[in-house]
Amino acid sequence: MSININYQEKFQARHIATNEADTAKMLKTVKAESLDQLIEQTVPAKIRLKQPLNLPAAKSEFDYLNTLKQTASKNKVFKSYIGQGYYDVIVPGVIQRNILENPGWYTQYTPYQAEIAQGRLQALLNFQTMVIDLTGMEIANASLLDEGTAAAEAMFMQYSLRKNTAANIFFVSEDVFPQTIDILKTRSEPYGIQLQIGDYRTAELNDQMFGAIVQYPAGDGNVYNYTDFAAAAHQKNIKLTVVADLMSLVLLTPPGQWGADIVVGTSQRFGIPMGFGGPHAAFFATKEEYKRSIPGRIIGVTIDSAGNYALRMALQTREQHIRRDKATSNICTAQALLAIMAGMYAVYHGPQGIKLIAERIHGLSVLLAESLKQLGYEQLNDTYFDTLKFDLGVLANPVHSEALNNEMNLHYKGSVVTISLDETTSPQDIETIVRFFAKVKGKTINDVAFEELKGSIETVIPADLQRTGEILTHAIFNSHHSEHEMLRYIKSLEAKDLSLCHSMIALGSCTMKLNATTEMVPVTWAEFSKMHPFAPTDQVGGYMQIFSELNDWLSEITGFAAMSLQPNAGAQGEYAGLMVIRAYHNDRGDSHRNIALIPSSAHGTNPASAAMAGMKIVVVKCDDNGNIDVADLKARAEQYKNELSCLMVTYPSTHGVFEESIIEICEIIHANGGQVYMDGANMNAQVGLTSPANIGADVCHLNLHKTFCIPHGGGGPGMGPIGVAAHLVPYLPGHAVVDIDKGKSIPAVSAAPWGSASILIISHAYIAMMGGEGLTNATKYAILNANYIKSRLEAHYPVLYIGSNGRCAHEMILDCRSFKNFGVEVTDIAKRLMDYGFHAPTVSFPVAGTVMVEPTESEPKHELDRFCDAMIAIRYEIDSVEKGISDKTDNPLKNAPHTAAVITANEWEHSYTRQKAAFPLPYVAQYKFWPSVGRVNDTYGDRTLICSCPPLTDYEFEESEVTTPEYGT
Ligand SMILES: *Cc1c(COP(=O)(O)O)cnc(C)c1O
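All figures in this text were calculated on a predicted structure; none of them were measured in a lab. Note that residues are indexed from 1 along each chain, following the sequence as it is written. Local features are withheld for residues below a pLDDT of 70 in this predicted model, meaning they are given only at 70 or higher, and side-chain atom pairs are given and counted only at 80 or more; totals for whole chains, interfaces and linings count all residues. Only heavy atoms go into the side-chain values, all of them from the structure, while hydrogens and water stay out.

**Let's talk about the sheet that holds strand S25 (residues 850–853)**
Spatial strand order, S22-S23-S25-S24: four strands in an open sheet with antiparallel pairing. Lying at the two open borders of the sheet, with one neighbouring strand each, are strand S22 (799–800) and strand S24 (842–843). Bridge analysis of S24 against S25 gives two bridges, and the strand direction is antiparallel. Its bridge partner lying in S25, Thr 842 is registered against Met 852. One bridge is not enough; two strands pair if DSSP finds at least two bridges between them. In this text, helices come from DSSP runs of H or I with a minimum length of four residues, and strands from runs of E with a minimum of two, each type numbered from the N-terminal end.

Written as structure tokens, this is what we have:
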């Protein structure tokens, strides 16, 4: 027997779930002779790539991790005292392993189907409760992308709420972090908002101002008392946003108590690794009266069909998918997973624990300040929480080298140094710092009464800014402090949520594919997670190599000249791309070009982003086949040829079809002076077969959390880098702190130069392990799987919009509108799927009353069949209603989902059996996923909005509640 010693496991075979035998069966079902024939029938020949992707050979999982370890070693993990909005943390092990590293949490989808998402909804409600408590505000959302964009959202909310519509000045305290000011610049420009940056103490407030922003503690560490400033602002009808450090608020009087209208910031310090910039969850808190203007998602309390406590996303009518260009923001994917972790950090530590952590950070800062003063250093800020500021004069350089010798990074600006301490700082670290500060002065630590100082530390926070009263009093923050309790709490929530651990989540347009373990493993390596985004360039070689490779690979995949890895989500990518187009037109003297053509079928973020970029939206019609009406497009492009900025187009279309006319469409736009922005959410149907550049687009964003395997995290994180053609490269976003300028860069769109850098590794791993052939096969199988589902379901549900050869792309729309005639809504189908153990596909996008199914390449035939069987069984249930066999209102569809409590109750008064309700197909019995609540009531919750944890009597289970059972009755 000869043995092959060159065998190497192929990751491709793990990622693409369909084996050879099943492929043959599926091709038969779809009536194609081969996979290539199917692709030829699906993807128009004129847009196909002529060459295979030119990417490095695929690595095995084992090889990838070994190579990456070497790359990682080029990152130097120094102790970080840089601060500036990023601080080292101790991630509680129980949270790291059971949430951050747990697919039961990170593979969840955004909680649109509330009945199978109660766990993360509760965790996000905890986050909101924590934010409300610490900021002293009335209402908070469930996270935003980062501190800088949260500040920009606040500015914009103030602008929308202004009473004097002529007011267009926004006052910005010069002590706000530079990266935040940079984003304010980007966001203000299209609206003609003028930023007045200055010292808040001398600012002259006037009627032309609609808002102001200050930072607390200020960027240089000072803790100012803004009470008078807030009062003066309010007198002039100026609303005040406060950027606050959540950890400092544990000890400081909350902004809500001294006049803030909006409080924003990052929750990174609550147990989220720095990750070279992210992902982290920003928070946004404000007053109840502004609830309809808050950007992002709010989780609210409601009841279910049985009248029990239930949660769901509230006030959806504010959001972009409904309000489009009139939306309050374009935030779609936010930072759910990180918000969940931050909330859990507060649950785990509780008020006492958090207080001890904050006090220790503050106390060590005092120790350091006093020691350095005894050495004769002159401190520039006398009130502070954790950040000390010194002017070192000629000693700045020697201190810098000593710090490096001790593998420590401080923050330098000329001769001024700031030192920010964090949760990981120990008394030994302080001693080390004191020693080298002594050394450069020719002194020793013996010149400091160090031991004595240690024993007599007093706060320097002025009495009127010291927080009084309790924090985090809610039961949820006072219940789970032992690891067993915490573990069980996390697991109990996880068990309520359906994720990819249970079954496929066939979300059209959202590509819920495999998030492979090997792709996730490096994210929590210290070499990646403990890096500060402003660390010196010679310490970040590993990250630079990864970014450079990822830039090259994504450029090859999209056909573009270069990428910006900065945008933190798809919608941020849209915004960045449109701002780049805007800068290009402006630079050519075409600043009047401000019209964006957007097809009626576009995702809601498209018009919302265009509006944010200062563009006027002109809607282009779609024809009866769901394609862009080329005649209408041509007419509009010509009508507006002098003002045309761009077209925003999704490809394959949001209807799941490769439009044949796309090349002509792009030519029409170019002929009329416009640029083509391609929404890349559907890249999973393009990779290796065609590309945005090949089709004729100038810019596109990639949702790395869709096509490139970053998990959805229950509503974020994500990444939305943009690729651009050569003529747009000079305008790609820059950054105020780290020099990534491309010549004519627009200011930053995210707080960190490379956005949520640490999760870029996931996409890097995916591409490296798939290689060009693997990625192309993934696309082919995504198309095969979709067409297989189409073949199995089309006799039961009409499939809307198919290509000229009768093929769909990687997704398809199933028409459910006719069922309305006998009372069955598409929502009933979505909820009934839960009883079969499935998450619903995308509901009512892009066509109301339909579902859009996208299986992805990572689902095996077996799973596709289970899903199809469920859909077909549901179709028979609909039939029964239509034929009058089932009652019109009392049927399994209308009552779905069925909870265990309902099924096991002593009473059962329905016209169908319990078995039919809960175990409608034999396979369901093998593994039953129980929805934890009945159908949630949306309107009830919106009528009486509650966005923080109500008193939970569940947590007060007293012994006395257990009564002795009476046996034998
Ligand atoms: C998901 C999606 C977006 C928005 O992306 P986010 O990452 O959620 O901001 C935009 N367009 C389309 C077509 C999408 O599917």
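Picking up where we left off.
**Comments concerning the site of the ligand**
Being near a molecule or strand, for a residue, comes down to having at least one heavy atom within 4 Å of it. Looking at the ligand, there are 14 residues lining it, with Thr 333, Ser 509, Gly 570, Asp 679 and Lys 706 nearest. Within 3.5 Å is the distance limit for a polar contact, defined as a pair of N or O atoms, with the added protein rule that one can donate a hydrogen and the other accept it, and that residues adjacent in sequence qualify only through two side-chain atoms. A distance of 2.6 Å separates an oxygen atom of the ligand from a polar side-chain atom of Thr 333. A distance of 2.5 Å separates an oxygen atom of the ligand from a polar atom in the side chain of Ser 509. In short, Shrake-Rupley with a 1.4 Å probe defines the accessible areas, and a residue's cover is counted only from the protein chains shown. Coverage of the ligand by the protein chains reaches 99% of its 380 Å² of free accessible surface.

**Notes on the environment of Pro 44**
Among the secondary structure elements, Pro 44 is positioned in the loop between helix H3 (35–42) and helix H4 (61–72). Pro 44 gets classed as buried once you look at its relative accessible area, which sits at 8%. Throughout, a contact is declared for two residues whenever any of their heavy atoms are within 4.5 Å. The residues contacting Pro 44, other than those within four sequence positions of it, are Tyr 651, Phe 658 and Glu 660. The buried label goes to any residue with under 20% of its type's maximum accessible area, the exposed label to any with over 50%, and the partly exposed label to all in between, with areas taken from a 1.4 Å probe on protein chains only.

**A few points about the UniProt feature "modified residue: N6-(pyridoxal phosphate)lysine" (unreviewed entry) in the protein chain**
UniProt positions are given in the numbering used here, feature names are shortened, and annotations may be inferred rather than shown by experiment. The positions UniProt marks with the feature "modified residue: N6-(pyridoxal phosphate)lysine" (unreviewed entry) are Lys 706. Along the chain, Lys 706 turns up in the loop between strand S20 (699–701) and strand S21 (722–724). Residue Lys 706 is classed as buried on the basis of its relative accessible area of 9%. Apart from the residues lying within four places of it in its own chain, the contact partners of Lys 706 are Ser 509, Cys 510, Thr 511, Lys 513, Ala 681 and His 712.

**Some remarks on the UniProt feature "domain: Glycine dehydrogenase C-terminal" (unreviewed entry) in the protein chain**
Listed under "domain: Glycine dehydrogenase C-terminal" (unreviewed entry) in the UniProt record, and renumbered for this structure, are residues 778–898. Taken end to end, residues 778–898 comprises 40% helix and 10% strand; its first and last C-alpha atoms sit 36 Å apart.

**Some details on the pattern of salt bridges**
Note on definitions: salt bridges are taken to be side-chain nitrogens of Lys or Arg within 4 Å of carboxyl oxygens of Asp or Glu. Applying the stated rule across the entire model yields 44 salt bridges. With a shortest N-O distance of 2.6 Å, Asp 429 and Lys 79 are connected by a salt bridge. One end of the pair, Asp 429, is in helix H14 (residues 427–440); the other, Lys 79, is in strand S1 (residues 79–80), and 350 residues separate them in sequence. According to the relative accessible area criterion, Asp 429 is buried, its value standing at 6%. As a salt-bridge pair, Asp 220 and Lys 389 come within 3.2 Å of each other at their nearest N and O atoms. Taken together, the residues Asp 220 in the loop between strand S5 (209–216) and helix H10 (227–235) and Lys 389 in strand S11 (residues 387–391) connect sequence positions 169 residues apart.

**Brief notes about the layout of surface pockets**
Each cavity reported here is a set of points on a 1 Å grid over the protein atoms alone in which a 1.4 Å probe fits but cannot get out, each pocket an open set with protein on both sides within 12 Å along at least five of seven lines, and each lining residue one with an atom within 4 Å of a point. Grid points are joined across faces, edges and corners, and a volume is the space filled by probe spheres set on the points. Its boundaries defined by the atoms lining it, the second largest pocket holds a volume of some 680 Å³. In terms of lining residues, the second largest pocket is bounded by 30 residues, among which Gln 84, Pro 178, His 411, Tyr 412 and Lys 413 are the most central. For the lining of the second largest pocket, the secondary structure elements donating two or more residues are helix H9 (178–188), strand S13 (411–413) and strand S14 (416–420). Broken down by element, the lining of the second largest pocket gets its largest block of residues, three residues, from S13. Of the residues that constitute the lining of the second largest pocket, the class distribution is 18 nonpolar, seven polar and five charged. When residue character is reported, Ala, Val, Leu, Ile, Met, Phe, Trp, Tyr, Cys and Pro are called nonpolar, Asp, Glu, Lys and Arg charged, and the others, Gly included, polar.

**Regarding the domain arrangement of the protein chain**
Interface size is commonly expressed as the accessible area that is lost once the parts come together. Throughout the structure description, domain borders are defined by an automatic or database domain assignment. Assigned domains of the protein chain: these are domain 1 (78–296 + 331–502), domain 2 (536–769) and domain 3 (777–938). Between the C-alpha centres of domain 1 and domain 3 the distance comes to 44 Å. Looking only at domain 1, the three residues that lose the most surface to domain 3 are Gln 113, Glu 115 and His 502, adding up to 51% of its buried area. At the boundary of domain 1 with domain 3, the tally comes to one salt bridge. Linking Lys 831 and Glu 115 is a salt bridge whose minimum nitrogen-to-oxygen distance equals 2.9 Å. Applying the counting criterion to the domain 1 and domain 3 interface returns four residue pairs in polar contact (both at pLDDT 80 or more). Considering only residue class, the side of domain 1 that touches domain 3 consists of six nonpolar, three polar and three charged. Accessible area, probed at 1.4 Å, shrinks when two parts are joined; the buried area is that loss added up over both.

**Quick look at the packing of aromatic side chains**
Only Phe, Tyr and Trp rings take part, Trp by its six-membered ring, and two of them pair if their centres are within 6.5 Å. Stacked means planes under 30 degrees apart, edge-to-face means over 60, and tilted covers everything else. Tallied over the entire structure, the rule returns 34 aromatic pairs. Ring centres 6.1 Å apart and planes at 20° place the aromatic pair Phe 276 and Phe 547 in the stacked group. Taken together, the residues span a long stretch of sequence, with Phe 276 in the loop between strand S7 (262–266) and strand S8 (282–286) and Phe 547 in helix H19 (residues 541–558) at a distance of 271 residues. Connected via pairs of aromatic rings, a cluster forms that spans Phe 171, Tyr 200, Tyr 216, Tyr 224, Tyr 226, Phe 229 and Trp 258. Each ring is checked for a lysine NZ or an arginine CZ that lies within 6 Å of its centre and within 35 degrees of its normal; such an atom marks a charge sitting over the ring. Sitting over the ring of Tyr 159, Arg 162 keeps its end group 3.8 Å from the ring centre. Positioned above the aromatic ring of Tyr 377 is the side chain of Lys 441, whose terminal nitrogen or guanidinium carbon lies 4.4 Å from the ring centre.

**Here we look at the sheet that holds S14**
Within the open sheet, the three strands sit side by side as S11-S14-S13. Their pairing is antiparallel. At either margin of the open sheet sits one strand with a lone partner, and together these are S11 and S13. Recorded for the sheet is a direction-independent mean angle of 20° between the axes of neighbouring strands. Relative to S14, S13 runs antiparallel, the two sharing three bridges. Lines fitted to C-alpha atoms define the axes, with helix axes restricted to the stretch in contact, and inter-axis angles between N-to-C directions lie between 0 and 180 degrees.

**Remarks on the pairing of strand S6 (residues 239–244)**
Judged by how many residues are buried, S6 sits mostly within the fold: six of six residues are covered. Of the two faces of S6, the one carrying Lys 239, Thr 241 and Val 243 and the one carrying Leu 240, Val 242 and Ala 244 are both buried. Pairing geometry for S5 and S6, over six bridges, is parallel. Bridge pairing in S6 places Gln 215 opposite Val 243. Handedness of the crossover joining S5 and S6 through H10 is recorded here as right-handed. A clockwise path from the first strand over the helix to the second, with the strands pointing away from the viewer, defines a right-handed crossover.

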